[in-house]
Amino acid sequence: MSSTAQLRTLQTGHVGLNVTDLARSIAFYRAVFGLDVTAEGTDPDRRHAFLGRDGRLVVTLWQQSAGRFAPGNPGLHHLSFEVESLDEVRATERLLRELGAEFAYDGVVPHSEGSASGGIFFTDPDGIRLEVYTRTGVAGAAAAAPTATAPTCGFF
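My aim in this report is to walk through the structure given alongside it, one point at a time. Counting from 1, residues in each chain are numbered in the order their sequence is written. For a predicted model such as this one, the threshold for reporting local features is a pLDDT of at least 70, and the threshold for listing and counting side-chain atom pairs is 80 or more; totals across whole chains, interfaces and linings nevertheless cover every residue. Each side-chain value is worked out from all heavy atoms of the structure, with water and hydrogens disregarded.

Turning to the overall build of the protein chain, a few remarks are in order. Check the secondary structure of the protein chain and you find two helices and eight strands. The helix count covers DSSP runs of H or I at least four residues long, the strand count covers runs of E at least two residues long, and both are numbered beginning at the N terminus. Seen in sequence order, the protein chain has helices and strands lined up from the N terminus as β-α-β-β-β-β-α-β-β-β. Contacts were defined at the residue level, with two residues in contact if any of their heavy atoms lie within 4.5 Å. A separation threshold of at least 6 residues defines the contact pool for the protein chain, and within that pool the share at least 24 residues apart is 56%. A positive count includes Lys and Arg, and a negative count includes Asp and Glu. His and the chain ends are not counted in either. Here the site of a charge means atom NZ of a Lys, CZ of an Arg, CG of an Asp or CD of a Glu. Across the protein chain, the centroid of the 13 positively charged side chains sits 3 Å from that of the 18 negatively charged ones.

Below is the structure:
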């Protein structure tokens, strides 16, 4: 018997995030990612929202935390979203700048020096680290990789 699960297919389902202000987070994720609220719990002690797109659940938000995201603690490192083109990455960057989002790096950057893939790295209203990237088109069209010896998505 193998000690490894024999999964025929495997892909990430949805990601659940703890937030401090559900309404604020719903507005942010809807504006930035075009997600729709598919379900919402309004019980004051169990507030949550399910956000999806094209019939698929993408993110669940749970209002059950205080403070800001602590990258030094075990748990989520960052959440990444892939888009089809550099134009989409840049359009998202413009929207985020209008919303006053905080960026880890200035503008679109490659995942590593010379990489064709790359994107933008920023935080949501609770400080959760997020990435919007594309697989191709970044080499030569973006700034140099911020760290030559580590992946950009490490948020170093």
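Still to come is the rest of the account.
As a further point, take the packing of aromatic side chains. The rule is short: rings of Phe, Tyr and Trp, with Trp giving its six-membered ring, pair when the centres are within 6.5 Å, and they are stacked under 30 degrees, edge-to-face over 60, tilted in between. Going through the model one piece at a time under the given rule, you end up with seven aromatic pairs. Judged by centre distance (5.5 Å) and plane angle (85°), the ring pair of phenylalanine 121 and phenylalanine 155 falls under edge-to-face. Pair noted here: phenylalanine 121 is in strand E7 (residues 118–123) and phenylalanine 155 is in the segment after strand E8 (129–134), with a separation of 34 residues, a long-range link. For the pair phenylalanine 121 and phenylalanine 155, a shared accessibility class is recorded, and that class is buried. Lysine and arginine charges are scored as sitting over a ring when NZ or CZ, respectively, is within 6 Å of the ring centre and within 35 degrees of the ring normal. The positively charged end of arginine 97 is found above the aromatic ring belonging to phenylalanine 103, 4.2 Å away from the centroid. In this scheme, a residue with accessible area under 20% of its type's maximum is buried, one over 50% is exposed, and one in between is partly exposed, where area comes from a 1.4 Å probe on protein chains only.

Backbone-to-backbone hydrogen bonds join strands into a sheet, with any given pair of strands oriented parallel or antiparallel. Within the open sheet, the four strands sit side by side as E1-E4-E3-E2. Their pairing is mixed. The open sheet terminates on both sides in strands that have one partner only, identified here as strand E1 (15–19) and strand E2 (36–41). Sheet twist, expressed as the mean angle between neighbouring strand axes with direction ignored, is 20°. Of the strand pairs in this sheet, strand E3 (residues 48–53) and strand E4 (residues 56–63) are connected by six bridges, and their pairing is antiparallel. Two strands are counted as paired when DSSP detects at least two bridges linking them. Axes, fitted as lines to C-alpha atoms, cover a helix only where it is in contact. Angles between the N-to-C directions of the axes lie from 0 to 180 degrees.

Here we take up unusual backbone geometry. For residues other than glycine, phi is negative in most cases, and the peptide bonds are mostly trans. Of note, aspartate 54 is a non-glycine position whose phi angle comes to about 55°, a positive value. Here aspartate 54 lies in the loop between E3 and E4. Here the phi dihedral of phenylalanine 155 falls at roughly 55°; this positive angle occurs in a residue that is not glycine.

Turning next to the environment of glycine 75. In this fold, glycine 75 is placed in the loop between E4 and strand E5 (79–82). Judged by relative accessible area, glycine 75 falls into the exposed class, the value being 66%. The spacing of glycine 75 and arginine 24 is 51 residues in sequence and 22 Å in space, taken between C-alpha atoms.

Now for the environment of arginine 8. Among the secondary structure elements, arginine 8 is positioned in the segment before E1. For arginine 8, a relative accessible area of 85% puts it in the exposed group. When the C-alpha atoms of arginine 8 and phenylalanine 81 are compared, they prove to be 24 Å apart, with 73 residues separating the residues in sequence.

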